[in-house]
Amino acid sequence: MNKTLTLSQAVKLYTGSSIGRLTVKFTGLLFAQTCLTTLIFAVIGWAEGKTDRISDFVSLIFLVSLMLAHMFLLGGHLFPRSVPGGKFFRSTKEGFAGYQKMRTGVLLVSILILVLSFGGMYLLNMAVPIGTNAAAYVILLIVSLYMISFLNFLQMLPNEGLANILRITALTLTGIFSAGLFTVQRVEWWHWLAGAVALLLVPLSHLILLRHYRKYFWNT
């Protein structure tokens, strides 16, 4: 009886790490960095008697670090035939089905990182009050979902240089935009609507990317 690859096995075949290991590694690094950032800015703020801006700096660095993690996870793994491994991955038993499982697994890792890291930030804020309320975290979570979809769409650009420029631009604009969210006191109806659209856009962008990749990259 032939056994097919699981999502985690496919991710490990392409990246060297399973879904669980990737999730723990990225979430652990992200949360450790956030805790260290919180401690540094808290000590500086308390020493200077200025604690009102701690949440802005901590949350902004947290979001930028989260976006960088997503860029690393979702911004690669195209494997044209001309690069090392390109022919090998096309010659495996499952072929494109294995690649599809890998991309789905990596997307799952990105979503798990979102859930765990935002949950960790909320608990951190309860343990060490830094002034960021739950509404701001909800909106930042929605922004993060849009970034995942945007990174998927960028994978379809034939010019990698242009894609990198757009990634950096998106990261910068996200940071600027999110810096103004930390004073938000409540989640309005349009935020929930934007969140619903983001939830639909993530799997849609994933499916469009896979279809595009198979047609223009995998079979060429």
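Here's a quick rundown of the structure. (Residues numbered from 1 in each chain as written. Predicted model: local features only at pLDDT ≥ 70, side-chain atom pairs only at ≥ 80, totals over all residues. Heavy atoms only, no water.)

Comments concerning the overall build of the protein
- Summing up its helical and strand segments, the protein has eight helices and zero strands in all.
- The secondary structure elements of the protein, listed N-terminal to C-terminal, are α-α-α-α-α-α-α-α.
- When the 220 residues of the protein are sorted by exposure, 45% land in the buried category.
- Of the contacts made within the protein by residues no fewer than 6 positions apart, 80% connect residues no fewer than 24 positions apart.
- By element, 70% of the accessible surface of the protein is carried by carbon and sulfur atoms, the whole surface being about 11,800 Å². (Helix = DSSP H or I, 4+ residues; strand = E, 2+ residues; numbered from the N terminus. Buried < 20%, exposed > 50% of the residue type's maximum accessible area, 1.4 Å probe, protein only. Contact = heavy atoms within 4.5 Å. Areas by Shrake-Rupley, 256 points an atom, 1.4 Å probe, with all protein chains shown as cover.)

Re the packing of aromatic side chains
- The final tally for this structure, using the stated rule, is seven aromatic pairs.
- Their ring planes at 75° and their centres at 5.6 Å tell us that phenylalanine 96 and tryptophan 218 sit as a pair that is edge-to-face. Taken together, the residues phenylalanine 96 in helix 5 (residues 96–127) and tryptophan 218 in helix 8 (residues 189–218) connect sequence positions 122 residues apart.
- Geometrically, the ring pair formed by tyrosine 99 and tyrosine 213 is stacked, given 4.3 Å between the ring centres and 15° between the ring planes. Placement of the pair is tyrosine 99 in helix 5 and tyrosine 213 in helix 8, with a sequence separation of 114 residues.
- Taken together through their ring pairs, the aromatic side chains of Tyr14, Phe96, Tyr99, Tyr213 and Trp218 make up a single cluster.
- A cation sits over an aromatic face here: arginine 90 above tryptophan 218, 4.6 Å from the ring centre. (Phe/Tyr/Trp six-rings, centres within 6.5 Å; stacked < 30°, edge-to-face > 60°. Lys NZ or Arg CZ within 6 Å of the ring centre and 35° of its normal.)

Here's the deal with the pattern of salt bridges
- Taken as a whole and judged by the stated rule, the model has one salt bridge.
- Linking lysine 101 and glutamate 94 is a salt bridge whose minimum nitrogen-to-oxygen distance equals 3.0 Å. (Salt bridge = Lys/Arg side-chain N within 4 Å of Asp/Glu carboxyl O.)

Quick notes on the nonpolar core
- Counting 43 residues, the largest nonpolar core has Leu66, Leu73, Tyr99, Ile113, Phe118 and Trp218 as the members making the most contacts within it.
- Every element with two or more residues in this core is listed here: helix 1 (7–15), helix 2 (19–48), helix 3 (54–74), helix 5, helix 6 (134–154), helix 7 (160–179) and helix 8.
- If near-sequence neighbours (up to four positions away) are discounted, phenylalanine 118 is found in contact with Phe62, Leu66, Ile113, Tyr137, Leu140, Leu141 and Ser144. (Core = buried A, V, L, I, M, F, W, Y, C linked by side-chain atoms within 4.5 Å.)

In short, geometric facts, not functional conclusions.
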